[in-house]
Amino acid sequence: MTAILRRAASVVAVAALVALPGCSPPQSGQTARNALVLGIDVSGSFRAQHYDDAIDFASYYLYGHLHGLGGLQKPTAMFVGSIGGDRPGEVKSFHPIEDFQDKSVDQIEQDMRTWFPPEDRLTDFNAFFSRLATLIKQRNLILAPINIVLLSDGEPDYPGMNAHDSLGPYGKVNLSPLEYLSRSVTVRLLYPTATVDSRWEHNVKRNRVRVWTQDGEIMTGWSNQLVPGQPPEQQDRLWSWIADNVDFRVRARIL
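These lines cover the structure that appears in this document, whether it is placed above or below.

Reading the values: rules and limits
As a convention, each chain's residues are numbered from 1 in the sequence order in which they are written. The predicted nature of this model means local features are confined to residues of pLDDT at least 70 and side-chain atom pairs, given and counted, to a pLDDT of 80 or more, with totals for whole chains, interfaces and linings taken over all residues. Where side-chain values are given, they derive from all heavy atoms of the structure, hydrogens and water being excluded. To get an axis, a line is fitted to the C-alpha atoms, and for a helix only the part in contact is used. The angle between two axes follows their N-to-C directions and goes from 0 to 180 degrees. Numbering goes from the N terminus for both helices and strands, where a helix is a DSSP run of H or I of at least four residues and a strand is a run of E of at least two. When describing relative orientation, an angle under 35 degrees is termed roughly parallel and one over 145 degrees roughly antiparallel, while 65 to 115 degrees is termed roughly perpendicular and anything else oblique. Residue contacts are defined here by distance: any two heavy atoms, one from each residue, within 4.5 Å place the two residues in contact. When DSSP locates at least two bridges between a pair of strands, those strands are taken to pair. Burial classification: accessible surface area is computed with a 1.4 Å probe over protein chains only, and a residue below 20% of its type maximum counts as buried, one above 50% as exposed, and the rest as partly exposed. Consider the strands pointing away from the viewer: the crossover is right-handed when the path from the first strand over the helix to the second runs clockwise. The directions from the helix axis to the C-beta atoms form the arc being described. By definition here, a salt bridge exists when the distance from a side-chain nitrogen of Lys or Arg to a carboxyl oxygen of Asp or Glu is within 4 Å. Only protein atoms enter the 1 Å grid, on which a cavity is a set of points fitting a 1.4 Å probe that cannot get out and a pocket is an open set with protein on both sides within 12 Å along at least 5 of 7 lines, lining residues being those with an atom within 4 Å of a point. Grid points are joined across faces, edges and corners, and a volume is the space filled by probe spheres set on the points. Only Asp, Glu, Lys and Arg are considered charged, only Ala, Val, Leu, Ile, Met, Phe, Trp, Tyr, Cys and Pro nonpolar, and every remaining residue, Gly among them, polar. Here the nonpolar core consists of buried residues drawn from Ala, Val, Leu, Ile, Met, Phe, Trp, Tyr and Cys, with membership extended through side-chain atoms lying within 4.5 Å. What qualifies as a polar contact is a pair of N or O atoms within 3.5 Å, subject to a donor-acceptor requirement within protein and to the restriction that residues adjacent in sequence count only when both atoms come from side chains. Centre distance within 6.5 Å is the pairing criterion for rings of Phe, Tyr and Trp, where only the six-membered ring of Trp is used; planes under 30 degrees apart are then read as stacked, over 60 as edge-to-face, and the remainder as tilted.

Considerations on the packing of helix H3 (residues 51-66) against helix H9 (residues 236-245)
Geometrically, a packed helix pair is captured by the angle between its two axes and the distance between the axes.
Step number 1: H9 packs onto H3 with a crossing angle of 90° between their chain directions and a minimal axis gap of 11 Å. Between H3 and H9, the crossing angle belongs to the class labelled roughly perpendicular. For the pair H3 and H9, contact is made by Phe 57, Tyr 60, Tyr 61 and Gly 64 and by Leu 238, Trp 239, Trp 241 and Ile 242, respectively.

Re the sheet that holds strand E5 (residues 185-190)
Step number 1: Spatially, six strands are ordered E3-E2-E1-E4-E5-E6 in an open sheet, and the strand pairing comes out mixed. A strand with exactly one partner marks an edge of an open sheet, and here the two such strands are strand E3 (94-96) and strand E6 (210-214). Pairs of neighbouring strands in the sheet enclose a mean axial angle of 20°, with direction left out of account.
Step number 2: Contacts from H3 reach strand E1 (35-41), strand E2 (77-83), strand E4 (146-151) and E5 within the one sheet, and its direction differs from that of E1 by about 170°.

Some thoughts on the pairing of E5
Step number 1: Counted residue by residue, E5 has six buried out of six residues, so it is predominantly covered.
Step number 2: Every second residue of E5 is oriented toward a common face, with Val 185, Val 187 and Leu 189 on one face and Thr 186, Arg 188 and Leu 190 on the other, all of them buried.
Step number 3: Sheet topology places E5 next to E6; five bridges connect them, and they run parallel. Within the sheet, the bridge partner assigned to Leu 190 lies in E6 and is Gln 214.
Step number 4: Once the chain exits E5 it traverses helix H7 (residues 194-203) before rejoining the sheet at E6, and the crossover so formed is right-handed.

Considerations on H9
Owing to its 3.6 residues per turn, the α-helix aligns residues three or four sequence positions apart on the same side.
Step number 1: All buried positions along H9 are accounted for by Leu 238, Trp 239, Trp 241, Ile 242 and Asn 245. Seen along its axis, H9 keeps its buried residues to an arc of 160°; they face one direction. Residues of H9 that are exposed and point more than 90 degrees away from the buried face comprise Asp 236 and Asp 244.
Step number 2: Where H9 is buried, its residues touch H3, E6 and helix H8 (216-219).

A word on the pattern of salt bridges
Step number 1: This model, assessed by the stated rule, comprises five salt bridges.
Step number 2: Among the ionic pairs, Arg 113 bridges to Asp 56, the shortest N-O distance being 3.2 Å. Of this pair, Arg 113 sits in helix H4 (residues 105-115) while Asp 56 sits in helix H3, and the two are 57 residues apart along the sequence.
Step number 3: Residue Arg 113 is classed as partly exposed on the basis of its relative accessible area, which comes to 25%.
Step number 4: Among the residues examined, Asp 56 registers a relative accessible area of 26% and is labelled partly exposed.
Step number 5: One salt bridge in this structure joins Lys 92 and Asp 120, with 2.6 Å as the shortest N-O distance.

Considering empty space enclosed by the protein
Step number 1: Scanning the model with the defined rule gives one cavity of 30 Å³ or more in all.
Step number 2: One number sums up the size of the largest cavity: a volume of about 50 Å³.
Step number 3: Contributing to the lining of the largest cavity are Ser 82, Ile 83, Gly 84, Glu 90, Lys 92, Phe 94, Asp 124, Ala 127, Phe 128 and Arg 131.
Step number 4: Those elements that place two or more of their residues in the lining of the largest cavity are E2 and helix H5 (125-138).
Step number 5: Looking at the lining of the largest cavity, the element that brings in the most residues is H5, giving three residues.
Step number 6: A breakdown of the residues in the lining of the largest cavity according to their chemical character gives four nonpolar, two polar and four charged.

Looking at the nonpolar core
Step number 1: Core analysis: the biggest nonpolar cluster contains 36 residues, and Ile 40, Phe 57, Leu 62 and Leu 151 have the highest contact counts within it.
Step number 2: The leading source of residues in this core is H3, at 10 residues.
Step number 3: If near-sequence neighbours (up to four positions away) are discounted, Ile 40 is found in contact with Tyr 51, Ile 55, Val 80, Gly 81, Ser 82, Ile 83, Met 112, Phe 116 and Leu 151.

Some remarks on the environment of Glu 179
Step number 1: Position of Glu 179 among the secondary structure elements: in the loop between helix H6 (168-171) and E5.
Step number 2: Along the chain, Glu 179 and Ala 133 lie 46 residues apart, while their C-alpha atoms are 9.4 Å from each other.
Step number 3: Among the polar contacts listed, one links the side chain of Glu 179 to the backbone nitrogen of Asn 207, at a separation of 2.7 Å.
Step number 4: A polar contact of 2.7 Å, which involves the side chain of Glu 179, links it to the backbone nitrogen of Arg 208.

Thoughts on the packing of aromatic side chains
Step number 1: What the rule picks out here adds up to 11 aromatic pairs.
Step number 2: For the ring pair Phe 94 and Phe 128, a centre distance of 5.2 Å and an interplane angle of 50° mean the geometry is tilted. In this pair, Phe 94 sits in strand E3 while Phe 128 sits in helix H5, placing the two residues 34 residues apart along the sequence.
Step number 3: On the basis of an interplanar angle of 85° and a centroid distance of 5.6 Å, the ring pair of Phe 100 and Trp 115 is categorised as edge-to-face. You can see Phe 100 sitting in the loop between E3 and H4 and its partner Trp 115 sitting in helix H4, a full 15 residues away along the chain.
Step number 4: Classification of Phe 100 as buried rests on a relative accessible area of 1%.

See the structure below:
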């Protein structure tokens, strides 16, 4: 009799959980909600290093994800914005997924060059993260896995920085607005130097947010994976390279 009661209680508990708003599992054939965010460094320092290559890469990266090529995860929401400003805390706009759908790789590239010219003075990560957190809440995407890709040299700019303090600026990078947006928030920093890689991994404070870095020397090899004359749908080497080197599954940090 006790076993029967336990089984009945379990059935009731599961039924109650499914009935809760937002707790029901996706129906068969539906794609679970997930958000892809791409930030582009538009400061002068990044322009001199990797801006052009990063824009070219981003056009393929976004196209590949939008179409689920090579097994890349298709986002149900996508936001693309700039990391920068001419003054601290300057708020920038994010372009939504609708601005990129039904466009070719070349069209995406041209749009990003038009929307995000590398003309800003500062690289302000904190303003980017703060605005993004607000947007995620407004769009009711809380709890959905969030993949944040930053195309940047990774060097933060803050007023009054001590030129002799090489580590201090990284301790001021504030990921706290992202901490409780979802159980899975990953920040991927692409194109820094190996030294900046290490500073993000060891000096940027975070608890739940996962951080993955890939230095510029590796990133510039993405174009070597392209097969000349082949359409994006047949660029299997590129999509495999992205899966292995950019969309690498990052483990949660052990505190």
